[in-house]
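Chain by chain, the residues run as shown.
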Amino acid sequence: METKDYDKPVVQSKISYSVIKNWEGEKAVSVDVQLKAYVMDGSEKKDVTTDILGDTPKTITLNTDNEWKGKWTNLPNKYYENGGKTGKDIIYTVEETQINQAAGVTRVYSTKIEESDDGYTTTITNSEKTDWQIVKKSSSENGGTLPDAHFELKSEKNTYTAVSDAKGILQW
């Protein structure tokens, strides 16, 4: 009798993956987050999200109703490529794809993403950025403000310019 290796494992353990959303400052109405899946291919991360998740909902909307928490269940923990017999560990993470704000509200947030030590939870913390200003003052003894002072801030990718107002204040 001829035997043939089976291309896929008969039993594969399943896991759950969670996301927690934290806010520093004012909260948005909701955020959309998307589950991503990777395997290591040598020293490179290879995106296998569409290969393994198929029809599993990959996007969850987090809000006050679900206490800014979400969970994907019944996820494979191994990725078998090209009928391979040995699966690669799947690394899951979550990306924030959309911040949904109330009508007429425009807030800007910085985002910090942390993975749990056990590898089964992503915590996303958004901190509200606030406007900032510069006041240009004279270096003379009276130290008065300087209106109409021109400023230019440069980074590798952007240049920001501003002119101080009558009170010597610049705002970006």
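This is a predicted model, so every value here is computed, not measured.

K.L.:
Can you walk me through the overall build of the protein chain in this structure?
P.N.:
When its secondary structure is counted, the protein chain shows one helix and 14 strands. Counting only residues that meet the buried cut, the protein chain has 28% of its 172 residues in that class. Here the analysis covers contacts within the protein chain between residues at least 6 apart in sequence; of these, 58% occur between residues at least 24 apart. As displayed, the protein chain has an accessible area near 11,900 Å², and 45% of this comes from carbon and sulfur atoms.

K.L.:
Help me out: how do you make sense of the sheet that holds strand S1 (residues 14-24) in this one?
P.N.:
Within a sheet, adjacent strands bond to each other through the backbone by hydrogen bonds, running parallel or antiparallel. Strand order across the open sheet formed by four strands is S5-S1-S10-S9, with mixed pairing between neighbours. Two strands bound the open sheet, and with one partner strand each, they are strand S5 (69-76) and strand S9 (108-115). Recorded for the sheet is a direction-independent mean angle of 20° between the axes of neighbouring strands. Where S1 and strand S10 (residues 121-129) come together, seven bridges link them in parallel fashion. Residue pairing in the sheet places Trp23 in a bridge with Asn126 of S10.

K.L.:
Got a minute to help me understand the environment of Asp165 in this structure?
P.N.:
As for its placement among the helices and strands, Asp165 is situated in the loop between strand S13 (159-163) and strand S14 (169-171). Measuring from C-alpha to C-alpha, the distance between Asp165 and His150 comes to 10.0 Å, with 15 residues separating the pair along the chain. Setting aside anything within four residues of it in sequence, one finds Asp165 in contact with Leu146, Pro147 and Asp148.

K.L.:
What am I meant to see in the side chain of Ser127 here?
P.N.:
On the secondary structure map, Ser127 appears in strand S10. Of the polar contacts made by the side chain of Ser127, one reaches the side chain of Glu24; its length is 2.6 Å. Setting aside residues no more than four positions away along its own chain, Ser127 makes contact with Glu24, Val108, Tyr109 and Ser110.

K.L.:
I keep staring at the packing of aromatic side chains and nothing clicks. Help me out?
P.N.:
Aromatic ring pairs: the centre-centre distance and the angle between the two ring planes describe each pair. Using the criterion set out here, one finds three aromatic pairs in the structure. Between the aromatic rings of Tyr17 and Tyr92, the centroid separation amounts to 6.0 Å while the plane-to-plane angle is 40°, which identifies the pairing as tilted. Within this pair, whereas Tyr17 is found in strand S1, its partner Tyr92 is found in strand S8 (residues 91-100), the two being separated by 75 residues in sequence. For the pair Tyr17 and Tyr92, a shared accessibility class is recorded, and that class is buried. Of the aromatic side chains, those joined through ring pairs into one cluster are Trp23, Trp68 and Tyr109.

What counts and how
- Residues numbered from 1 in each chain as written.
- Predicted model: local features only at pLDDT ≥ 70, side-chain atom pairs only at ≥ 80, totals over all residues.
- Heavy atoms only, no water.
- Helix = DSSP H or I, 4+ residues; strand = E, 2+ residues; numbered from the N terminus.
- Buried < 20%, exposed > 50% of the residue type's maximum accessible area, 1.4 Å probe, protein only.
- Contact = heavy atoms within 4.5 Å.
- Areas by Shrake-Rupley, 256 points an atom, 1.4 Å probe, with all protein chains shown as cover.
- Pairing = 2+ DSSP bridges.
- Axes fitted to C-alpha atoms, helices over the stretch in contact; angles between N-to-C directions.
- Polar contact = N/O pair within 3.5 Å; in protein donor to acceptor, adjacent residues only side chain to side chain.
- Phe/Tyr/Trp six-rings, centres within 6.5 Å; stacked < 30°, edge-to-face > 60°.

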